Amino acid sequence: MKRVIGGLGAAALALVMTAGCGDTSINDIETITNPPNPGVDKLLPKERLGIHFQPNGGTAEDIDEMTPLVGLIRTLIKPDVKDYVGRLIDGAPPEARFLVILPEEDVDLNFVARYASDPKVVGWELENEPENFLGWTAQQYVDWVKGVAPDVRSVMGGGKKLVAAATRPMVQDFPNTLNYNQDMIDAGLLDEVDVFNMHVYTKQYEKVPAVENVYADARAAGKEVWVTEVGENDLSQQLDYFLQVVEVYRRLGIDPERWILYAWNDDTLGYSLKAPDGTPGPLLDAMVARDG
């Protein structure tokens, strides 16, 4: 059954949080968010933590620095950076692992086939925020996936995963983005991919219980759920925000296998884990300290 979520008032959302998802009530959320940091010991282990890497301006030295800290490096290919990304992957340490976005403009099957037997590439993500960057409807996106997924699977090699595109966070432009995700599922997206994908920005925790239905549908279909972008563009708040948001979502019944930080290098929007002068922020410091 398709669930269309209308505008829920604060009282209704508080009731859902008290009686519905996970093991958390609205009072529990308040104890997590004030004070905001639930403890550095909550930082995810390397195997569940990833980071997004913008290839424009990125270097092999960046890859070397990220590899010991995360279990997955997410990046993308486009015609102007594809060869460079290939060289970065080829030259990365043997233990590095990559998730590569295939954009609509450049689903290069030769590039995919090149890594069919290379353990450094673990999956291929089919576009990114299609409703945002392409202006597609949910049906248009799923139709595109149904057209390209079989071809990608035919050359990508065994043991690798096809990852659906995430939309903008489901708590934003509420309930439109949430309903877009449900529409993708209703149109058959989960039949085509191995991983359902989410983006998480901002708090708006009172709306998170509504996301659990979509999450539950993906789980019921036997799919993994990954968050391929989560971030805060205030360097000093990145650690507090990340620890908080992972804990809140977990207590509300949403516990994805992977959380990928946005981003290693995005000074334009302020999401980089380092200051422009190269000084690491508290989140990056905690990642280094976690592993000694």
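Quick caveat, the model's predicted, so the values are computed rather than measured. Numbers given for residues are sequential positions, taken from 1 along each chain in its written order. With the structure being a predicted model, the display of local features is reserved for residues of pLDDT at least 70 and the display and counting of side-chain atom pairs for 80 or more, all residues being used for whole-chain, interface and lining totals. Side-chain calculation: all heavy atoms of the structure are included, whereas hydrogens and water are not.

A. Representation of the overall build of the protein chain. Only runs of H or I of at least four residues qualify as helices and only runs of E of at least two qualify as strands under DSSP, and these elements are numbered from the N terminus. Each helix and strand in the protein chain was counted, giving eleven helices and eight strands. Relative accessible area decides the class of each residue, using a 1.4 Å probe on protein chains only: under 20% of the type maximum gives buried, over 50% gives exposed, and in between gives partly exposed. Within the protein chain, the fraction of its 292 residues that count as buried is 53%. Note on contacts: a residue pair qualifies if any of its non-hydrogen atoms lie within 4.5 Å across the two residues. For the protein chain, the share of sequence-separated contacts (at least 6 apart) that also reach a separation of at least 24 residues comes to 78%. Method for areas: the Shrake-Rupley scheme with a 1.4 Å probe, in which residue coverage is limited to the protein chains shown. Accessible area of the protein chain: about 12,000 Å², with a carbon and sulfur share of 50%.

B. Structural context of the side chain of Asp-62. In this fold, Asp-62 is placed in helix H3 (residues 60-66). Separated by 2.9 Å, the side chain of Asp-62 and the backbone nitrogen of Thr-59 make a polar contact. Identification of polar contacts relies on pairs of N or O atoms within 3.5 Å, with a donor-acceptor requirement for protein atoms, meaning one able to donate a hydrogen and the other able to accept it, and with residues adjacent in sequence counted only if both atoms are side-chain atoms. A distance of 3.0 Å separates polar atoms of two side chains, one belonging to Asp-62 and the other to Trp-264. Ignoring sequence-local partners within four residues, the contact set of Asp-62 consists of Phe-53, Gly-57 and Trp-264.

C. Looking closely at the nonpolar core. Ranked by size, the top nonpolar core spans 81 residues in total, and within it Trp-124, Tyr-141, Phe-196, Met-198, Phe-242, Tyr-249 and Trp-259 carry the most contacts. Ranked by residue count, the leading element in this core is helix H7 (residues 138-156), at nine residues. When sequence neighbours within four positions are dropped, the list of residues in contact with Tyr-141 reads Leu-126, Glu-127, Pro-130, Trp-136, Ala-164, Ala-165, Tyr-180, Met-184 and Leu-189. In terms of nonpolar packing, the next biggest core, distinct from the first, is built from seven residues, Leu-72, Val-122, Trp-226 and Ile-260 among them. Here, the term nonpolar core denotes a set of buried Ala, Val, Leu, Ile, Met, Phe, Trp, Tyr and Cys residues that are joined through side-chain atoms within 4.5 Å.

D. How the structure looks around the confidence of the model for the protein chain. In this model, the protein chain carries a mean pLDDT of 88, and residues with pLDDT of at least 70 account for 85%. Note on scores: pLDDT gives the predictor's confidence for each residue, bounded by 0 and 100. Predicted confidence is poor over residues 1-24, with pLDDT under 50, and the contacts of this stretch with residues over four places away or in other chains come to 43 contacts.

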